[in-house]
Amino acid sequence: MKVIIVQNKKEGGACAAKLILNRIKKKKNTTFGLATGKTMIPLYKKLSGLYKRGEINFSRVRCFNLDEYIGFNKNDKKSNYRFIKKYFFRKVNIREENIFFLDGKASDPILECKKYEERIKKYGGIDLQILGIGINGHIGFNEPGSSFSSRTRKVMLRNETRHANAWLFGSFKRVPRYALTTGIETILSARKIVLLAFGKDKAAAVAATFKRATKQVPASVLQRHPNVTFIIDRAASANLRQKSH
Ligand code: F6R
């Protein structure tokens, strides 16, 4: 796994944006997998800036969102869809019909997840999956204990994840307990994976990712993928550096 250590999240966002830009230059209709969360904000800001300056064109790009809260969909302000829309989709020329997302209000969640997997396949799979990491090592909403062969499904969120996301909902209690998430195997099916992690809160999870692959640290499964790049800032890499000294 390749590790790029940057000074701060702004530099990290710029570094990831450059990888995305290069991808689109090589393949205009690149299919991206996108994540939500505070880690993604510098990346989405940088991409919007590049678009404003005419340096990047998203007109043929396709995006699949990683996950969605149960009870929320594109019409809800607190949905993951609206998060990415706020920071990214509405600022660039990505076509609405090229944005794919899980409907957390689907009457049949099992069917919704099955259809999502089929849609990803129909579009030729994910070329570049962008990931964040939870303080407990989750990727997408695949919490510790998730099977490495899991596919898109309904999951229960751990309380630590709900606490970490309380800022989005105003309080811990308002954070939904359940979500739909693309699975670990779905994530591993992407041709390339880029994981971003910023801040000291992520240092323990990042270090655990590089130890033995275990279901207890979902991100550690990335060791089994042939093309993964980590973009982490100094604070998030603190425990890695300690180990190598
Ligand atoms: C959300 C997602 C999660 C986040 C992770 C980190 O779509 O995929 O795995 O990436 O919880 O969240 P932040 O960036 O808010 O620390």
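Residues numbered from 1 in each chain as written. Predicted model: local features only at pLDDT ≥ 70, side-chain atom pairs only at ≥ 80, totals over all residues. Heavy atoms only, no water.

Trainee: Tell me about the sheet that holds strand β3 (residues 62–65), and please be specific about residues and values.
Mentor: Taken together, seven strands build an open sheet; the order of strands is β1-β10-β9-β6-β2-β3-β5 and the sheet is parallel. One side of each edge strand has no neighbouring strand; the edge strands of this open sheet are β1 (2–6) and β5 (99–100). Of the pairings in the sheet, the one linking β1 to strand β10 (residues 228–233) comprises five bridges and is parallel in character. In the strand pairing of β10, Ile4 is matched with Ile231. (Pairing = 2+ DSSP bridges. Helix = DSSP H or I, 4+ residues; strand = E, 2+ residues; numbered from the N terminus.)

Trainee: Just give me the short version of the pattern of salt bridges, but keep the residues and values in it.
Mentor: The tally for this structure, following the rule as stated, stands at nine salt bridges. Linking Lys27 and Asp127 is a salt bridge whose minimum nitrogen-to-oxygen distance equals 2.8 Å. Placement of Lys27 in the loop between α1 (9–26) and β2 (31–34) and of Asp127 in the loop between α4 (109–122) and β6 (128–131) is noted, with a sequence separation of 100 residues between them. You can call Asp127 buried: its relative accessible area is 6%. A salt bridge links Lys114 to Glu118; the nearest nitrogen and oxygen atoms lie 3.5 Å apart. Here Lys114 pairs with Glu118, and both are found in helix α4, just four residues apart, close to one helical turn. Here the salt bridges share partners, and the residues they tie into one network are Lys27, Asp127 and Arg191. (Salt bridge = Lys/Arg side-chain N within 4 Å of Asp/Glu carboxyl O. Buried < 20%, exposed > 50% of the residue type's maximum accessible area, 1.4 Å probe, protein only.)

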